[in-house]
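These are the residues of each chain, in order.
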Amino acid sequence: MPQINIHQAKSTLSKLVAAAEDMGEETTLCRAGKPVAKITPIGAKTVCKARKPGCFEGKIEISDDFDDFLPAESAIFSIPGAK
């Protein structure tokens, strides 16, 4: 956790807030070398993992009648020959 003096924090406040927001970095603000305050992120930011095509291969199964109408739907839409 970096420690910086208040004067330096004034000139780089937006960068410090961005570091807390984007990377979860905490920064301690010091006056005369003594810690007096802390900039911390509020809540955890979720980071999406890179998408990997095919990662669910063999784990998901879709039945052959997946897009067939249900009997109640067939009656509503008057579909002849539907189950």
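The shown structure was predicted, so the numbers you read here are calculated from the model rather than taken from an experiment. (Residues numbered from 1 in each chain as written. Predicted model: local features only at pLDDT ≥ 70, side-chain atom pairs only at ≥ 80, totals over all residues. Heavy atoms only, no water.)

Colleague: I keep staring at the overall build of the protein chain and nothing clicks. Help me out?
Modeller: Counting its regular elements, the protein chain contains 3 helices and 3 strands. In the protein chain, the succession of α and β elements from N to C terminus is β-α-α-β-β-α. When each of the 83 residues of the protein chain is scored for burial, the buried share is 13%. Sequence separation of 24 or more characterises 33% of the internal contacts of the protein chain that already satisfy a separation of 6 or more. As presented, the protein chain carries roughly 7,500 Å² of accessible surface, and 58% of it is formed by carbon and sulfur atoms. (Helix = DSSP H or I, 4+ residues; strand = E, 2+ residues; numbered from the N terminus. Buried < 20%, exposed > 50% of the residue type's maximum accessible area, 1.4 Å probe, protein only. Contact = heavy atoms within 4.5 Å. Areas by Shrake-Rupley, 256 points an atom, 1.4 Å probe, with all protein chains shown as cover.)

Colleague: Where do I start with the nonpolar core in this structure?
Modeller: It is characteristic of soluble globular proteins that their nonpolar side chains tend to be buried jointly. Membership of the largest hydrophobic core is limited to 6 residues, which are Ile4, Ala9, Leu16, Ala20, Leu29 and Ile39. In this structure Ala20 touches Glu25, Ile39, Thr40 and Pro41, once residues within four positions along its chain are discounted. (Core = buried A, V, L, I, M, F, W, Y, C linked by side-chain atoms within 4.5 Å.)

Colleague: For this particular structure, what's the right way to read a negative patch on the surface?
Modeller: Taken together, the side chains of Glu61, Asp64, Asp65, Asp67 and Asp68 define an acidic patch exposed on the protein surface. Its location among the elements puts Glu61 in the loop between β3 (34-39) and α3 (71-77). (Patch = residues over 30% accessible without salt bridge, like charges linked within 9 Å, V, L, I, M, F, W, Y side chains within 5 Å. Salt bridge = Lys/Arg side-chain N within 4 Å of Asp/Glu carboxyl O. Lys, Arg positive; Asp, Glu negative; His and termini not counted. Charge placed at Lys NZ, Arg CZ, Asp CG, Glu CD.)

Colleague: I'm lost on unusual backbone geometry in this one. Help?
Modeller: As a rule of thumb, non-glycine residues mostly have phi less than zero, and peptide bonds are mostly trans rather than cis. Here Ala32, not a glycine, exhibits a phi torsion of approximately 55 degrees, which is positive. Inspection of the secondary structure puts Ala32 in the loop between β2 (27-31) and β3. Note on Ala32: relative accessible area 78%, which makes it exposed.

Colleague: I tried to follow the side chain of Thr27 on my own but got confused; where do I start?
Modeller: Among the structural elements, Thr27 can be located in strand β2. Thr27 gets classed as buried once you look at its relative accessible area, which sits at 2%. Here Thr27 is in contact with Met1, Pro2, Ile4, Leu16, Ala37, Lys38 and Ile39, once residues within four sequence places are set aside.

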